[in-house]
Amino acid sequence: MTNTFLHDLRYAVRSFTKSPGFTLVAVLTLALGVGANTAIFSVLHAVVLRGLPYHEADRVAVMWTRNLQQNLPDGSSYLNFRDWKAQSREFEQMAAYLRPEFTRGTLSGDGESVRVNVGLVGPGFFELLGTAPVAGRAFVSDDFTDRATAVVISYGLWQQRFGGDPRTVGRTIQVDGASAEVVGVMPPEFELPTADVQLWRPLWFGPNWQGERSRSADALIVLGRLRPGATIESARAEMDAIAARLRTEYPTTNASFGVTTDALVDRVVGPTTQRSLWLLFGSVGFVLLIACANVANLMLARVTARSREFSVRTALGASRARLIAQALAENLVLSLLGAVAGALVAWLGVLALRAWAAGVLPRAGTIQLDARVLLFALAAALGCGLLAGLLPALQLSIGGTANALRDAGPRLLGGRSGRRLHQGLVVAEIALAVILLSGAGLLIRSFVRVQTTARGFDSSNVLLLQVDLPASYDNNRPKITTFFNEALQRIRALPGVIAAGAVSDFFIHRQPDFRIALEGRPARRPSDAAPPLTGDNIVPGYFEAMRIPLLRGRFVDDRDLVPNAPFVVVINEEMARRFWPGEDPVGKRFKYGLDPSANMPWTAVVGVVADMRRQRLDEAPIPYMFRPGAIGQMDIAVRTSGNPDALRGAIRAQMEALDPTAPPYGIITVEERLSQSVALRRFQTLLLAALAAVALTLALVGAYSIIHRSVASRTQEIGIRSALGASASTISTMVLTSGLSLGVAGLAIGLVGSVALSRAVASFLYETSPFDPLTYLVVTILLLVVTTAATLTPARRAARIDPMAALRDR
């Protein structure tokens, strides 16, 4: 048996060597299908399927408070965290860390002062995750005091700032102007609380965290390790019960608090990213099926061309099983060649995807061709080869005698059943390509709508820089105001600067977090009140720098910053519609909170500006307001007359000259920042469009191949038609009609499939219906045009057939 199998393999290799053209086309087709699938699988495997780099990461959950009335997630208080930890039986460990948006620091000393992302973590954080430092140690209990100086740094910071020097552990550095000792370096794959954290500090839960009034604070996120045998579902049920008990026990602070419990991987990767990658993986599977159909057509044609050989072998005593075994051996050899070529294509694809996905997908740096991914490539190639070889094997199994097989030879190519089989494969290829084209078309149309949606500001030639003042400015409003006023004056004086201003959060990164009571209206309960709001502080000049349209009233200016000035705000259109529908909101007053009789100062609306896309370009505006005044964290917007990148160095120099402990960070143009906000959407759209293009190309190659072979097999028939008076145009029309009929059949089936699968892309669309008629019309026209183009060459060839030569060859 083994010798026979080896003989079949050697024969298959010799056979493919004698047909280099067939072998090259078949291997390239397999390589495209297998390579594309392997490359996308490498992304899915790295981001979604491979476990997080922590000890038994599937047992780690993340928890945060949920406002039940607003149905919004939020951070948790230390006292609630302490009660969760004490009452839970489903978790064997819990640890907390400060919400990432509250944590940045300045690293100074030797070299340039830089802003770093800081993770403030409580006791047990590193132990819960089970990840040891690559150098030094993690925090110990003695580090969690009000005088702690220990810090742990990331592997990236260790390499970039300290050159990977092992003597960094034990070294004293300057963080926020104070001395700190580096006690450890975490491994490169450690990415909590966020992927860009560069330095960890111990979070001490001192007296400020312990008072009952602080139970409603919202600064912590909690990690928990499930006990053996517990599940996310059981832990979620338990935490819901604990939250219900705390609502009863502490009605003043916890009346509207629940808790959300999710697997850590869902927070790190995110459900949208997971769904997007699964969509791409499913789509690239269509490309593999089209490649399989193409190879099957090639193998069928090869079996047909060798029908005389099989007839002779049958006459000499070869059984059907023997012939099928030989055919399957050839498929195995072809599959292995396709796997090798596919791995090369996948390697190139992974290089491109890793660079493309950087900053778009979490864990993008771990995308690679490891053993599991290569095994997937082999399995995909073998599976495709097996599917492609089934039809030829079935053809070989037809009939039981040499005569039957001999007679079947012509029917395989020119007979009605043979033609239908070839044509059916082509129709299936076109249908699959249409489904991918329709999905890609919908995403492209949606992406265009996102890019062209009204932004509410002019994003061209604007540089955005973030400033986070160090602890030396701690809530000192006059000092903070002086710093930003001086910084803006220095920036405005630079050549090429048109305007500059500051806002506390250029792009909204938080949920709406406060409510207001309107003058002249009764107090309301939270459940009856208008939606919660978001508010930002601004320094005059911001609206002018962003060219935000003023619709009513005025902008805030310097008069609103003087001591004892009345409280005023500028609101957006959405807030005006929600709170004063059909009225002019300028001059209206409100108080923070839900009770207008509370002892709070009135705040007056002095202006209304256009709605801005301040969360993401593909998210509708929410109600928000702008309050005059600076705070410790501000985003400075600088409008320039030319390329804003040219002013990066000059602006940084002015800021560092003003205060070297407060360097700007995250310097980026607004256009770049807007592009980042839709990076995942762009990644998904372009990748699906590329897959659709590959699928269409493979399908049309298959259509051209079958029409070309059909013309070759019908040479004598066409010659007879010509001899009987058929014109060249009649012959061309006949071939064109035959090719277009395949395209129309595939188009019809593909459009039905696209509509049936529209739900798969519906959640990724923005202001675009999954049944968008324009998209399907464009796909229809495109398919008909390219099918016609693929049919023209065989049609011209058929029209030029010499009837006398065709009849002589009969």
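One numbering rule holds for all chains: residues counted from 1, following each sequence as written. The predicted nature of this model means local features are confined to residues of pLDDT at least 70 and side-chain atom pairs, given and counted, to a pLDDT of 80 or more, with totals for whole chains, interfaces and linings taken over all residues. In computing side-chain properties, one takes all heavy atoms of the structure into account and sets aside hydrogens as well as water.

## Side note on the environment of V340
Helix and strand assignments come from DSSP, with helices taken as H or I runs of at least 4 residues and strands as E runs of at least 2, each series counted from the N terminus. Considering the arrangement of structural elements, one finds V340 in helix α12 (residues 320-357). For V340, a relative accessible area of 61% corresponds to the exposed category. Considered as a pair, V340 and L374 are 34 residues apart in the sequence and their alpha carbons are 9.6 Å apart. Remark: exposure states derive from per-residue accessible area (1.4 Å probe, protein chains only) relative to the maximum for the residue type, with buried under 20%, exposed over 50%, and partly exposed in between.

## Focus on the packing of helix α16 (residues 477-492) against helix α19 (residues 648-658)
For helices, the fitted axis covers only the stretch in contact; all axes are lines through C-alpha atoms, and the angles between them, taken along N-to-C directions, range from 0 to 180 degrees. Direction vectors running N to C along α16 and α19 enclose 145°, while the axes themselves pass 10 Å from each other. Every pair of crossing elements has a handedness; the one defined by α16 and α19 is right-handed. Taken together, the residues of α19 that come into contact with α16 (itself represented by F483, E486, A487, R490 and I491) are I651, Q654, M655, A657 and L658. Considering only residue class, the contact of α16 with α19 consists of seven nonpolar, one polar and two charged. Left-handed is the label given to a crossing in which the near helix is rotated counterclockwise from the far helix by less than a right angle, and right-handed is the label when the rotation is clockwise. Here a residue-residue contact requires only that any non-hydrogen atoms of the pair lie within 4.5 Å. In this count, Pro and Cys sit with the nonpolar residues alongside Ala, Val, Leu, Ile, Met, Phe, Trp and Tyr, while Asp, Glu, Lys and Arg are called charged and the others, Gly among them, polar.

## Thoughts on unusual backbone geometry
Apart from glycine, the bulk of residues carry a negative phi angle, and the bulk of peptide bonds sit in the trans form. For the peptide bond that leads from L192 to P193, omega is 5°, which places it in the cis range. Turning to its location among the elements, P193 is positioned in the loop between β9 (178-185) and β10 (199-202). A positive phi angle is found at E56, which is not glycine, with a value near 45°. On the secondary structure map, E56 appears in the loop between α2 (20-49) and β1 (60-67). By relative accessible area, E56 is classed as partly exposed at 36%. We note that E767 has phi near 50°; this positive angle belongs to a residue other than glycine. Mapping E767 onto the fold places it in the loop between α24 (759-762) and α25 (773-799). Take E767: its relative accessible area is 51%, and that puts it in the exposed class.

## What to know about the pattern of salt bridges
By definition here, a salt bridge exists when the distance from a side-chain nitrogen of Lys or Arg to a carboxyl oxygen of Asp or Glu is within 4 Å. A complete count under the given rule lists 24 salt bridges for this structure. Among the ionic pairs, R59 bridges to E56, the shortest N-O distance being 2.3 Å. Look at R59 and you get buried, because its relative accessible area is 18%. R648 is the partner of D645 in a salt bridge, and the nearest nitrogen-oxygen pair spans 2.6 Å. Taking the relative accessible area as the measure of exposure, D645 reaches 31% and is therefore partly exposed. Since its relative accessible area comes to 23%, R648 is described here as partly exposed.

## What about the packing of aromatic side chains?
A pair of aromatic rings is counted whenever rings of Phe, Tyr or Trp (Trp by its six-membered ring) have centres within 6.5 Å, and the orientation is called stacked for planes under 30 degrees apart, edge-to-face for over 60 and tilted otherwise. In total, this model carries 28 aromatic pairs according to the counting rule given. Note on Y542 and F543: the rings are 5.7 Å apart at their centroids and 55° apart in plane angle, and the pair reads as tilted. Here Y542 and F543 have matching classes, each one buried. The structure contains a cluster of three or more aromatic residues connected by ring pairs, namely Y54, Y97, F125, F126, F139, F144, F190 and W200. Lysine and arginine charges are scored as sitting over a ring when NZ or CZ, respectively, is within 6 Å of the ring centre and within 35 degrees of the ring normal. Here the basic side chain of R267 rests over the ring of W64, its NZ or CZ set 5.4 Å away from the ring centre. The ring of F764 is capped by R275, whose NZ or CZ atom sits 5.1 Å from the centre of that ring.

## Quick notes on empty space enclosed by the protein
Lining residues are those with an atom within 4 Å of a point, where the points come from a 1 Å grid over the protein atoms alone and group into cavities, where a 1.4 Å probe fits but cannot get out, or pockets, open sets with protein on both sides within 12 Å along at least five of seven lines. Grid points are joined across faces, edges and corners, and a volume is the space filled by probe spheres set on the points. What the rule picks out here adds up to four cavities of 30 Å³ or more. When its volume is computed, the second largest cavity comes out at roughly 50 Å³. Forming the boundary of the second largest cavity are T65, N80, W84, A243, L246, N254, F257 and G258. Secondary-structure elements contributing two or more residues to the lining of the second largest cavity are α3 (78-87), α7 (232-249) and β12 (257-263).

## Some remarks on a nonpolar patch on the surface
For patch building, the residue pool is restricted to those with more than 30% relative accessible area and no salt bridge; the joining distance is 9 Å between like charges and 5 Å between nonpolar side chains (Val, Leu, Ile, Met, Phe, Trp, Tyr). Accessible areas in this description were obtained via Shrake-Rupley with a 1.4 Å probe; residue shielding takes into account the shown protein chains only. Residues L774, L777, V778, I781 and V785 make up a contiguous nonpolar surface patch of roughly 440 Å² in combined accessible area. In this structure, V778 sits in helix α25. V778 sits in the partly exposed class, given a relative accessible area of 48%.

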